[in-house]
Amino acid sequence: MEQVPSAGRLVQITVTEGYDLKGFKGDTPVTFIRAEFNQVVLGDSAKITVSPEGSAKYNFTSSFEFNPEGGITLDDLAHKPVFLTVTEVLPKEKKQKEEKTLILGQAVVDLLPLLEGQSSFQTTVPLHPVQGSPLETARSSAKQCRLEVKVLVAEPLLTTAQISGGNLLKVTLEAAYSVPESFILTGPGQNYMVGLQVPSLGEKDYPILFKNGTLKLGGEREPVPRPKKWPIANILAPGANNIPDAFIVGGPYEEEEGELNHPEDSEFRNQAECIKKRIIWDLESRCYLDPSAVVSFQKRIADCRLWPVEITRVPLVTVPKGKAGKTEKTDEEGQLSFHGVAYVNMVPLLYPGVKRIRGAFHVYPYLDSVVHEKTKCLLSLFRDIGHHLIHNNKIGGINSLLSKQAVSKNLKEDKLVKEKDIDGRPRPGDVQAPSIKSQSSDTPLEGEPPLSHNPEGQQYVEAGTYVVLEIQLDKALVPKRMPEELARRVKEMIPPRPPLTRRTGGAQKAVSDYHIQIKNISRAILDEYYRMFGKQVAKLESDMDSETLEEQKCQLSYELNFSGKYFAFKEQLKHAVVKIVRDKYLKTTSFESQEELQTFISELYVFLVDQMHVALNQTMPDDVQGTVATIYTSSEQLQLFAFEAEVNENFEMAAAYYKERLVREPQNLDHWLDYGAFCLLTEDNIKAQECFRKALSLNQSHIHSLLLCGVLAVLLENYEQAEIFFEDATCLEPTNVVAWTLLGLYYEIQNNDIRMEMAFHEASKQLQAWMLQAQVTKQKSTGVVEDTEERGKRESSLDPWGITNGSATAIKVEAPAGPGAALSILDKFLEESSKLQSDSQEPILTTQTWDPSISQKPSNTFIKEIPTKKEASKCQDSSALLHPGLHYGVSQTTTIFMETIRFLMKVKAVQNPNVWGLKGHLYFLSGNHSEAKACYERTISFVVDASEMHFIFLRLGLIYLEEKEYEKAKKTYMQACKRSPSCLTWLGLGIACYRLEELTEAEDALSEANALNNYNAEVWAYLALVCLKVGRQLEAEQAYKYMIKLKLKDEALLAEIHTLQETVGFGNPSF
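- Looking at an unreviewed UniProt entry, the protein carries the name Cilia- and flagella-associated protein 70, with the source organism given as Pongo abelii.
- The Function (unreviewed entry) comment attached to the protein in UniProt states, word for word, "Axoneme-binding protein that plays a role in the regulation of ciliary motility and cilium length."
- Taken from UniProt, the Sequence similarities (unreviewed entry) comment for the protein reads in full: "Belongs to the CFAP70 family."

1. A look at unusual backbone geometry
Then, in step 1: For the bond running from Val-224 to Pro-225, omega is -5 degrees, close enough to zero to count as cis.
Then, in step 2: By secondary structure assignment, the location of Pro-225 is in the loop between strand 14 (214-216) and strand 15 (226-229).
Then, in step 3: One non-glycine residue with positive phi stands out, namely Asn-234, at about 65 degrees.
Then, in step 4: Following the sequence through the fold, Asn-234 ends up in the loop between strand 15 and strand 16 (242-248).
Then, in step 5: The exposure class assigned to Asn-234 is exposed, which follows from its relative accessible area of 72%.

2. Focus: the sheet that holds strand 5 (residues 56-66)
Then, in step 1: Taken together, the four strands give an open sheet; going across it, the order is 5-1-10-8, and neighbouring strands pair in antiparallel fashion. Each end of this open sheet is capped by a strand with a single partner; those strands are strand 5 and strand 8 (120-126). Averaged over all adjacent pairs, the angle separating strand axes in this sheet is 20 degrees, with direction ignored.

3. With respect to helix 36 (residues 1051-1064)
Then, in step 1: A rise of 1.5 Å per residue sets the reference length of helix 36, with its 14 residues, at 20 Å; its end C-alpha atoms lie 20 Å apart and thus fit the reference within 8%.
Then, in step 2: Here helix 36 has its buried residues at Leu-1053, Leu-1054, Ile-1057, Leu-1060 and Gln-1061. Relative to the axis of helix 36, the buried residues are bounded by an arc of 125 degrees and lie together on one face. For helix 36, the exposed residues set more than 90 degrees away from the buried face come down to Glu-1051, Ala-1052, Glu-1062 and Thr-1063.
Then, in step 3: Here the buried face of helix 36 lies against helix 32 (983-995), helix 34 (1017-1030) and helix 35 (1033-1045).
Then, in step 4: Looking at where helix 36 begins, the residue whose side-chain oxygen comes 3.3 Å from the main-chain nitrogen of Ala-1052 is Asp-1050.
Then, in step 5: Among the residues trailing helix 36, Gly-1065 stands out with phi positive, at a value near 90 degrees.

The rules we used
- Residues numbered from 1 in each chain as written.
- Predicted model: local features only at pLDDT ≥ 70, side-chain atom pairs only at ≥ 80, totals over all residues.
- Heavy atoms only, no water.
- UniProt positions renumbered as here; feature names shortened; annotations may be inferred.
- Helix = DSSP H or I, 4+ residues; strand = E, 2+ residues; numbered from the N terminus.
- Buried < 20%, exposed > 50% of the residue type's maximum accessible area, 1.4 Å probe, protein only.
- Pairing = 2+ DSSP bridges.
- Axes fitted to C-alpha atoms, helices over the stretch in contact; angles between N-to-C directions.
- Expected span 1.5 Å × (residues − 1).
- Arc of directions from axis to C-beta.
- Contact = heavy atoms within 4.5 Å.
- Polar contact = N/O pair within 3.5 Å; in protein donor to acceptor, adjacent residues only side chain to side chain.

Structure, rendered in structure tokens:
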């Protein structure tokens, strides 16, 4: 690694000019500038007289030596500015030996650009007035006093390796809220300090200390935004304390990364930050991390996760003047009190692209055993290391820290504590602040120390004290892939395919062009005929005989030949005929014989004449015969038919419908996604991957396609591609809950716990934001404001893509402790139900876990009970739906689903038609048709329809047919035909009408079913029955023939047909 040379380098600070200056005496005061850095005076400028306009040309240069091996280091440049103090020299009075000076103001120059690789920079800094300075009045005007400053070094202070591999850490301590009541404003002064350690040079730790916190009473919230302050004492001008362009902006609690960021904590935090006592720092400290320190910092976060941030109170002791020798003794007697620690979860800094964390963290009593267990830290910053900080002077001088004597005393006491058996528990009367949780989990921090070990520190817990701090890096520890890079990688894996353009050539195009030329020529001939004989035709009208027409024809031919128009028409038609010869007949070479040429010319002539008649008939539509009407099925109908086939396990027919949709609209990516999902259902992963990639090639920003491509990549073990797909989806749509969830599941497969935690945390955060937004939107739409007790209710009607399912009524679940409370209620309910089931010897799957998406799309979850084995029988007709029990065995999974439905009923979802529909499906699948009938009837009685009424009508109609309630079956199927007609709805209607002896209506319904799907054996069977009843022998035999060809599997129906055939004496050609 490239190292910085050991020789020191000069950093030059030049003040070129001052503007809008004003003095105590007169408009042209005499002033000079004093430069200070690191509590060392760098020099004074010459005394310059300010012009009447308020400007002064100082051209004053001062410098200090930068030496990383000793003296001023990169850390000093990071958090210590250069102070420029402007002082006025008053004129001497009589009998005055020395000149009097008065300080006008102070300016601050931040040297941070030097740590960004710059070797020089120029800036204009404001001159902050001291109290009583005449510059205070000038500041109220439009112009503010300022200094022009240049900073220069001979060469950059950082090498290329340090610029690329180093980092800058900024830690901002805002405040400690809800401090113990024993903290009072009166009495001896106290120094409230907070500190932590970070690696700075390799493994060497750098202490960051915030001191001199201000204890304030409650009453109002701290204003935001408010400026951050330098962690340096003895700054003369109040305005110079503020770091330029650095502010504390706050933000919603839910967006913080700390502990008290749950909705149930908001009330406590509002009280603490408005009413209760607090200690205010508002300090920002910086630390430069060299490349080795960055690696150490990253490794330590991964190993320890939690970072100790200590807080303590040290009494301030005033030392009388002239007794400097007693200062050390006074410091030796200092005592640490109220020693506490906050555990900051630093893991989010290892998330890709994360450079900042901010949050509130609870303060616990400091105990070595607990701190070591949680953070693996052996030494205390204040107790064990504090006495070294005065000597290295990295925190600007620390007053009243413990000396070696106090340290050794505390170490002995702590040693005695460690030797004891630490097995105490908190007193039952102790009250803690709500939701004391670790950020990485929702469980409270374990192993809190007993009260007797640190009674003062325990007061933090009793008061619910927490600190609010921010940790920010200049560059993310783990770089995040840029959206452009992810898009490029996706484009490399799946090149975009532009929409297919229609071919300009081809046989169809050639014939079409021929038709166009024929129409154009015919119009031109008609125009010529009208010009020549228009008046004659108008006079004769219908009295025109054949001789007159023949004469007009000869005159028209002569005129066309004489004028050259005939030749022009041939030339106009020539190109179209040549294209027909080349594109339709594929004749591009010379003929081998004259006979072959004559044969082709004859064939071509016949074709051209026929096509000429077609073109002329198109210009005269009255002469065209009417075409036979065909039934056109829309894309939505094809999708419904395919879904019906899936439910019936007729996968071959379903695939045919899906392919038909693709042939009609190959550029519709939704069709590709539907077919890909079907291929996943049939376990054809390779074909599913092709479909999803085709959809993604049509639109590379389509979230659903990206996610499905990622899922298939995981299934096919292409993990690198899967990560690209999932990351690109989260970049394109950062609020997508499913995208973050799938990314978290991917990282869980990869055993990447940190990134898994990051993805799941973001998914939970986005889900809570969506739920809150949905609640607000609902309140605005209904105009009803929920009571406080109802604020815990949440909507749970998300579809699989994380958006609302508009057709389903939202299910409200009481969740007083957040969204996860409903699941805990469900777990308890299922546990109780399992005990009841065991008593009644009813099987239940205890290994099944509750899936929150069950209530999202009931039709896909409960209707499609597809076996996992490919050897399952594939039915070729509708008997799977119209004859239950043939393909739907009683599954044990229906038991756990039924318990889920009962739970939904218990949590006030009785008025939701989807719940009743799901319950009916479960009863239907388990063979309990009487209960299913009651549930279906309850479903259709609602004013609001369930999300999938189609199958509810189909199955309810089937139950009516089984129970021979044909009138009800007829009405039910008619409703289904009006809403979503399909082969099965018309078939059910036809069966009901046939059983009611309404043969004409039955034939019409069965004909509609046959038109929609003429491969259904049961439709042909009932058509055969109708034809046998009405005595149409030929049609009965044809219907029976197709029924046998399609292999009807309903033996009872087949026997009924044979019986009727024997009765009427026809219908079976075999006898």
